[in-house]
Structure formats: structure tokens, C-alpha cells
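# A closer look at the structure
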Amino acid sequence: MVTQFFSKLSQNYIELLKDDEYYDITIEVGEDPNVKIFRAHMNILCYRSPYLRRILKSNKKNNDNGLVHIKLSNTSPETFQIILEYIYGGILSLDKKDTSDLEVLATADKLNLQELVDYLQGYLIENKSEWLEQHFEFAQQISSNSNNLLKLQEFCTNLMVRSPEKVLKSLNFTSLSEKSLTSLIKRDDLQMKEIEVWEYVLKWGLAKNPTLIPDPKTWSDDDFKAMKSTLQSSLPLVRLFCLSSKEFSQKVRPYQKLLNQQLYEDLLNFYLDPDSVSSHNIQLPRIINENVEVICSLIVNSGIVSTISRWIDKIVINNNNFNEKYLPYKFELLLRGSRDGFTPKKFHELCDKKPNTVTFIKIKGTEEIIGGYNPSIWESYGWAWGKAEDSFIFSFKNKNNFEDAILSKIINSEYALFFESIAGPYFGLDINICASSVSEDYNCTEYYKRHYEKNIRANSEGKFTIEDYEVFQIIKK
């Protein structure tokens, strides 16, 4: 009979970390001012981490006094503490810091802790997929820099293919590695128009050549050569034969020096006489799913988008059309609090002067969503009313309940909006969001029925706390 006492063994090994007498290695972790010295035991580290075994073997040869000292500068002390507890006791204790899980995964990968790498990838993808989407840039960065994080790489690529707006239409897509960009645009199921793929590839290339002016008319031959070299892996993957003749003429011809001469001549012939070019040389169009996600939102879904769109177009919702999707508008994300911050400064920076915006506010501690439609523009000058015909505010009990939605139209359009530099989206004096200064987080968020017809929070007037909020500009398709 074999009896295993792993619990006590794990506890004893964890206690070794507190040992001040028998350690034979010190590890300096972090960068100024956040640096910590850990005391550890060479035999344990060598047999648990192949990476540390290589490092310690090299240091031991160059050390004569018995005590080995190494540095790990690209890891935080907090993350390394979690890693050490796993190495010694087989215990994983993740903290609640925003990106801690990914930092632990990146460090585990660096130290070749394959068991921990496999577990964390599966755990994050299966249990925290929404969280990964919110921290996509970091997830994509660590996965693309590794040859081992294959599951996370696949998750990131599939997300980009399925919902490219969450990446390519964000401000940070130019941080994608060349490997990630090419793996994305070669996919047949990438849910983007081909002209958008072309434009984003150019934008990515410009980001890698910051001295270039966006206008190709100003480029020298050397500029074109530099850009062509940057895009040598991605340009052949753009399906230029799938553009309209107008798109080719207006968007591609100015960059003809980026293309192979024979390819450019084939394109010209194709758009002048489609039958003149062999179909063997033409890539097939991408497979666009008509049911692809219609809005890049963490708060609402296509059902709410459909309802809001009907209200905007003054279409009465009844039993005949209630279950039919009505999606005549494209919802372009301008701001997300959890991504861009909760300050008036950021709101005005991203949303001012842009007509036809919809604001969605998720109220903390509930499933409730409130917000408003502004057919005019937002301004940041102080203490002034904003006129907006057809403005309205609304509430949903949750993102899957459209039947109990409340629409409240403006009573007097002269008081539809309120402008102030320290305010966020301010609908009349009904939905009020403001801060003490332009750079501070909102500290006054409240609802009272005043300038709009109906009470959208009948039993909950007064202050509320924002969990997240999003502002979209709507554009007719």
C-alpha cells in the first residue's frame, strides 16, 4: 500500500521560503524602485525550472564563495512570489490585480514551467475570456513573443478574426507583431471588408516608419522601398482583386510603387476587363458571416442595438417586429471607461464635435443599463445648455430584456443636453455625470426625472455608481 502525504509536504516546502539559515542562492527581482531579494535553494529551483537550471549552472561555475546571486529584472517581486510558491509547494495563489494572471503566465513561460503554463492558458480561456478581451493588447503581446503559448495565440487570433473591431479599430492595433498581423489577414474568415484590410495594413506600415508622411504623393523612391520592405509579408495577403473599381482607383493606385509591377498590371487589366485575367491568379473573397457581431461592446448586445435603432428612426415596436433585428446603423466605439478612463478630459477628447452618439452606462451592483441618444454634438465649454431635437434617454433591466425597456423623450429640446468641462455625458439634468476637475474620475453620478418625459428609474432616483460606460457614434450603413 502506498500512502501519499502531499499536503504536509507542500506546507513544509513553503516554510523553506522563510528559512534564513540554509539558503544557498539569492535572487534579485524587479527594477528600481520595486526590487526585492529572495532567498532560495538551488536544488529545488534546478529540478523545477529548466530555465533556472541553465542560469544557475552558468553562475555556479563563476562563483567560488558558495552563495550564488542572480537577477531577474523583467519580473515583478509580486509575480515572482506567486511563482516561488508554485515551485516549492505546488500552490497557485493569484491576486486580484488587473493583469496579474497574464504576468504570472508570462513569467511561467520564461521559466519553462510547462505544467503551470498549460494550466493558466486553459484557465484564462475557459473562465476569463471576457477579461482577456479587456486586456487583449497584453495577452496578444505575450503570446506573440512566445513559441510556447499556442492556446493563447489561437484565442487572440480567433478573436481578431471574429471581431476585428476589438483590435484593428482600437488605438493600439499598430502594436501587433508582424507575425500576428500576417496570421490574421491570411484568414479566409476574417470579418472585414477588403478595403479595410488594405487601409489597416498601410496604417500598420506607417506606424513602423514614423518618419513617413501619410500622403504618398510626398514619398521619395527610398520611402516607397522602406514601406515595401516593411510590408513584404503582409501585402501579398491583401486580396486586391476583391476591391471595387472605385476603391482600387482611389485607394490603391496612389501606392502602386508598393506593388510588384506585374501584379499592378494584372490589377489594371482586371478592373478594365475582368475576363482578361486568369482566375487562377485571383484569391477568392473572404467568407463574411452576416451574423457577425454588430457592436463592439462589453455592455450591450445586438438586441439593444436593434431597439435603440428603431427608437432613433421613430419606428413603433410591436408584436410584428419585436423579434426582428433592425440594424441600419454602424456603431463606432469612441470611448470605453474601463479602457480609456472615467475622466471628463478623456470624454471630451474622444467624443466632442462628433454628431449622433449613443451613451450606454452599466450601473454597478445591478444588471441595469441606462443611457441616452444625442443627435447633436458634445461640447466642453462651461455651464451651457445644448439644444438637441429628438434626443432621448432610456433604461434596460438587463441586456437581454427588451420588453421592459423604457424610452423617455426630451420635453423641451432647448434643455436636452448640458455642457461643462468637468462633466461627462449630461442629458438635461436627468442623467448627470461630472467630476471635481477635468482630470479626476467622476465623483457625481446621479439620475433625477427633470427634462425628459418618463422616469427611467422609478424606484431608484438619486446617486448611482458606474461600473463601466461606452459612447458610440452611429453611422448609417
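Residues numbered from 1 in each chain as written. Predicted model: local features only at pLDDT ≥ 70, side-chain atom pairs only at ≥ 80, totals over all residues. Heavy atoms only, no water.

## With respect to the sheet that holds strand β13 (residues 462-463)
Let me state the cut-off plainly: Two strands pair under a simple rule: DSSP has to find at least two bridges between them. A helix here means a DSSP run of H or I that spans at least four residues, while a strand means a run of E at least two residues long, and both kinds are numbered starting from the N terminus.
Spatial ordering of the open sheet is given by β11-β12-β13, a layout of three strands whose pairing is antiparallel. Two strands in the sheet have a free side with no partner beyond their single neighbour: β11 (431-434) and β13. Pairing of strand β12 (residues 444-447) with β13, which is carried by two bridges, proceeds in the antiparallel orientation. Within β13, the residue paired with Glu446 across the bridge is Lys463.

## Concerning the sheet that holds strand β1 (residues 25-31)
Definition in use: Between N-to-C directions, angles cover 0 to 180 degrees, with each direction set by a line fitted to C-alpha atoms, over the stretch in contact for helices.
Taken together, the three strands give an open sheet; going across it, the order is β2-β1-β3, and neighbouring strands pair in mixed fashion. A single partner strand is all that each edge strand has here, and the edge strands are β2 (34-40) and β3 (68-72). Going across the sheet, the axis of each strand differs from the next one's by a mean of 20°, ignoring polarity. The sheet contact formed by β1 and β2 spans seven bridges and is antiparallel. Bridge pairing in β2 places Thr26 opposite Arg39.

## Observations regarding the nonpolar core
Filter applied, for reference: By nonpolar core we mean a set of buried residues, namely Ala, Val, Leu, Ile, Met, Phe, Trp, Tyr and Cys, connected to one another through side-chain atoms within 4.5 Å. For each residue, the accessible area found with a 1.4 Å probe, counting protein chains only, is set against the maximum for its type, and the residue is called buried under 20%, exposed over 50%, and partly exposed in between. Residue ranges labeled as domains rest on an automatic or database domain assignment. Between two residues, a contact is recorded if the distance between any of their heavy atoms is within 4.5 Å.
Judged by nonpolar contacts, the single largest core of 79 residues is most densely connected at Ile27, Leu45 and Trp198. Three or more residues apiece are contributed to this core by two domains, here domain 1 (6-151) and domain 2 (179-272). Leaving out residues up to four positions away in the same chain, Leu45 has contacts with Ile25, Ile27, Ala40, Leu52, Leu56, Leu84, Ile87 and Tyr88. With 27 residues, the next largest nonpolar core counts Ile361, Ile363, Trp378 and Tyr442 among its residues.

## Re the packing of helix α5 (residues 100-110) against helix α6 (residues 114-127)
Stated precisely, the cut-off is as follows: Here is the rule for angles: anything less than 35 degrees is roughly parallel, anything more than 145 is roughly antiparallel, 65 through 115 is roughly perpendicular, and the remaining ranges are oblique. Here a crossing is taken to be left-handed if its near helix is turned anticlockwise relative to the far helix by less than a right angle, and right-handed if that turn runs clockwise.
Where α5 contacts α6, the two axes come as close as 9 Å, and the packing angle between them is 150°. In terms of orientation, α5 and α6 fall into the roughly antiparallel class. Between α5 and α6 lies a crossing of left-handed hand. Counting all contacts with α5, which are made through Asp101, Leu102, Val104, Leu105, Ala108 and Asp109, the residues of α6 involved are Leu116, Val117, Leu120, Gln121, Tyr123 and Leu124.

## A look at the side chain of Ser49
Examined against the element boundaries, Ser49 turns out to sit in the loop between α2 (42-48) and α3 (50-61). Contacts of Ser49, omitting those with residues within four sequence positions, involve Leu111 and Leu113.

## Some thoughts on the pattern of salt bridges
This is how it is decided: Each reported salt bridge corresponds to a side-chain nitrogen of Lys or Arg within 4 Å of a carboxyl oxygen of Asp or Glu.
A full pass over the atoms with the stated rule returns 19 salt bridges. With its nearest N and O atoms 3.1 Å apart, the salt bridge here joins Asp221 to Lys257. Of the two residues, Asp221 sits in helix α12 (residues 221-230) while Lys257 sits in the loop between α13 (245-252) and α14 (261-272), which places them 36 residues apart along the sequence. On the basis of relative accessible area, Asp221 is assigned to the partly exposed category, the value being 48%. Arg339 is the salt-bridge partner of Asp340, the closest N and O atoms lying 3.0 Å from each other.

Note that all results are geometric; they support no functional claim without further evidence.
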